[in-house]
Amino acid sequence: MKKFAVIAHPKDNVATAVKDLSSSEEVLIEVEGYDLKITLLSDIKFGHKFAVKDIKKGEEIIKYGEVIGRATVDIKKGEHVHVHNIESLRGRGDWEEELK
């Protein structure tokens, strides 16, 4: 089985597709020298993310070892992770006052 997705950091809870992937497809991802097999629950376009573990509503989305957003709904392992189910925590003008 070829590896058509990558995970950039061991703390990441999402992986990135390196080609278009189909729902029900099994994908191998290498994490710290170990292979993790994930069955996709959604079609995933090249460059898009999918969950490598179940993520609860309100949990942080981690990519490159950094928090990039927060889940707005429960996200199942193998499900597409994008603007429809996460909110960004960066560049939010509505939070500027809270951060001061």
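Scroll up to find the structure.
Every chain begins its residue count from 1, and numbering advances along the sequence as written. With the structure being a predicted model, the display of local features is reserved for residues of pLDDT at least 70 and the display and counting of side-chain atom pairs for 80 or more, all residues being used for whole-chain, interface and lining totals. As a convention, hydrogens and water are excluded, and side-chain values are obtained from all of the structure's heavy atoms.

Draft legend 1. Structural view of the sheet that holds strand β7 (residues 66–71). Strand order across the open sheet formed by 3 strands is β6-β7-β9, with antiparallel pairing between neighbours. Strands with a single pairing partner mark the edges of an open sheet, and in this sheet they are β6 (60–63) and β9 (86–88). Adjacent strand axes in the sheet meet at a mean angle of 40° when their direction is disregarded. Two strands qualify as a pair provided that DSSP identifies no fewer than 2 bridges between them. For helices the rule is a DSSP run of H or I covering at least 4 residues; for strands it is a run of E covering at least 2, with both sets numbered from the N terminus onward. Sheet topology note: the β7/β9 ladder contains 3 bridges and is antiparallel. Residue pairing in the sheet places G69 in a bridge with S88 of β9. In this analysis, axes come from line fits to C-alpha atoms, helices being fitted only over the stretch in contact, and the angle between any two N-to-C directions falls in the range 0 to 180 degrees.

Draft legend 2. Structural context of the packing of aromatic side chains. Pairing of aromatic rings covers Phe, Tyr and the six-membered ring of Trp, with a centre-to-centre limit of 6.5 Å; geometry is then stacked below 30 degrees between planes, edge-to-face above 60, and tilted otherwise. As enumerated under the stated definition, the model contains 0 aromatic pairs in all. Geometrically, a lysine NZ or arginine CZ counts as sitting over a ring once it is within 6 Å of the ring centre and also within 35 degrees of the ring normal. The side chain of K19 reaches across the aromatic face of F4, ending 4.8 Å from its centre.

Keep in mind that these numbers describe shape and distance, not what the molecule does.
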